[in-house]
Amino acid sequence: MRLEGKVAIVTGAGRGIGRGCAKRFAAEGAAVVAADVYDEGGVEVAAEIESEGGRAIFAHCDISDSVQAAALVQTAVDTYGGLDVSLNCAGIIPIDGSDVLETEEVEWDRVIGVNLKGTFLICQAAAREMTKKGTGSIINIASVTALMAIGNQAAYVASKAGVNGLTKSMAIGLAHRGVRVNAIGPGSIETDMMAVILTDEEATARVMARTPLNRMGQPEDIAGTALFLASDDSSYITGQTIYVEGGRLALNHTMPPKG
Amino acid sequence: MRLEGKRALITGGGRGIGRACARRFVAEGASVVLGDILLDEGRAVAAELTQAGGKATFVECDVTDVGQVNNFVAAGVDALGEIDILFNNAGIIGPGTDFLETTEDEFRRIIEINVFGAFRVAQATGRHMVDQGISGSIINTGSMVSALANPDQAAYVSSKHGIHGLTKAMALALAEHGIRVNAVGPGTIKTAVAEAVLVNETAYRRVLSRIPLGYIGEPEDVAGPVVFLASDESSYMTGQIIYPDGGRLALNHVMPVKELPAA
């Protein structure tokens, strides 16, 4: 029970990585505020956690709205008495992507608004609370694409590289105030969001040829890393992005195809 | 008990980071075989862990000697049955020397121990894991100077950059066998070597001004990340390096240093 007695916010908890992390945090003893704009999923995960003997509530939150971000932190304080961990999994990716010559300004603004500005707003709201006590861990979700890009998601890739920079800057800014800020850079994780990219078998084969461990990641793989960053085992780590991507970043060419 | 039932080899286990990891591995339920050239220290750690109820053995191991390395791994297999984890940690830092004065012998010695030594132990252990079909975890000891540099440690910096490259190459080579290979890159950690520097107040302030979290790390601060990399919780990670460095790699300029921490 490595998060016994801790209070954690998990945004994007309604599905995918956020859902996996919310469940793992609760299983490790944390009281979880599961936040999402996808209310159905958020309500469901909170109910599931409670039925399994954990503690969780659902809170609707659009992280790109500063009022909602602040209210989410207040909900954690009002419900569970404080805030120790903020894990920001909420994020969007445009379906089908767009040719970089066609990417529209409104799409750019929306993706940056949620993925980068929204992450900033949640981090700031969480940090304002955590610095009162002088202790806390903030974890953002970047992406392997922050370092190795894909060509039809300029806004998404830029937003994730931005999350890396934001993480470092906030880590430095908060280092003397007891709050650590780190990020996780997932590779190809089997979620609904990944289905946007893996449209067919050929796309999957292409991705596997670039994944040395030859499997998709699971939300649980990210949850284990999030737990590490939330816990005291990472107490001397701040301003880092830990990449969980099955070895892709080490790979020059491609892996031989598997039978 | 996150390493319950796991069997680990640790080189450089006689003191500092190796010793802290040996203690933590055993506390998390693993059985360990320690290697070192420091015989008294190595035996003392094994005795301490055995007395505390853990399973720990010491075997002499000079990583520059392939015979001793093979013997160490074989002895580890004898004692433990199979090896799930290797903490490939043996290494030296060497004194700082002006780059233009650095001798070939000095340079060769550091590369020999830090890189060749790591290669020998990793290869011998990797062969065992592949032969036995073990989806193991290997953790190499890098350093923050796997990414940064100091002007008076060309050999040491080169060796730790080399460890980063070795980690990636090994990760790719062993991926098909389900063996993960990652590294830990400690920042400034309180060990016998570091403490000699920190007696000097000016040097201490200079070091602290480059650590956002404002304190020198303890060996236990490295053990946490090593346990994570050894455990199944990092099972989708390979070819990576985690830096417990108090935030140094993120820092552009310097932090203000008001007071030195109490001793």
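Remember, predicted model here, so these are calculated numbers, not experimental data. (Residues numbered from 1 in each chain as written. Chains lettered and ligands numbered in written order. Predicted model: local features only at pLDDT ≥ 70, side-chain atom pairs only at ≥ 80, totals over all residues.)

Draft legend 1. Inspection of the overall build of chain B at higher detail. Secondary structure summary: chain B contains eight helices and seven strands in total. Here chain B has a C-alpha radius of gyration of 18 Å; the compact-globule value for 263 residues is 18 Å, and the two agree. Taken along the three principal axes of its C-alpha coordinates, chain B extends 50 × 40 × 40 Å. Put simply, chain B has 263 residues, and 50% of those count as buried. Of the contacts formed within chain B by residues at least 6 apart in sequence, a portion of 74% connects residues at least 24 apart. (Helix = DSSP H or I, 4+ residues; strand = E, 2+ residues; numbered from the N terminus. Rg over C-alpha atoms; globule rule 2.2 N^0.38 Å. Buried ≥ 20, exposed ≤ 12 C-beta atoms within 10 Å, placed from the backbone. Contact = placed C-beta atoms within 7 Å.)

Draft legend 2. Molecular detail of the sheet that holds strand 6 (residues 179–186) of chain A. Residue and element names in this part refer to chain A. If you trace the seven strands from one edge of the open sheet to the other, you get 3-2-1-4-5-6-7, paired in parallel fashion. Of all the strands in the sheet, the pair left with one neighbour each is strand 3 (55–60) and strand 7 (241–244). Neighbour to neighbour, the strand axes of the sheet diverge by 20 degrees on average, direction disregarded. Looking at chain direction, strand 1 (residues 7–11) and strand 2 (residues 31–36) are connected through five bridges and run parallel. Residue valine 10 lies in a different strand from strand 2, and its bridge partner there is alanine 34. Here helix 1 (residues 16–27) sits on the sheet and contacts strand 1, strand 2, strand 3, strand 4 (85–88), strand 5 (136–141) and strand 6; the angle it forms with strand 1, its principal contact strand, is near 170 degrees. (Pairing = 2+ DSSP bridges. Axes fitted to C-alpha atoms, helices over the stretch in contact; angles between N-to-C directions.)

Draft legend 3. Fine view of the interface of chain A and chain B. The interface is formed by 29 residues belonging to chain A together with 29 residues belonging to chain B. Among the secondary structure elements, those contributing two or more residues to the side of chain A that touches chain B are helix 5 (154–174), helix 8 (219–230) and strand 7 of chain A. The element best represented in the side of chain A that touches chain B is helix 8 of chain A, accounting for five residues. Counted by class, the side of chain A that touches chain B contains 15 nonpolar, 11 polar and three charged residues. (Nonpolar A, V, L, I, M, F, W, Y, C, P; charged D, E, K, R; others polar.)

As far as function goes, none of this settles anything; it's purely spatial.
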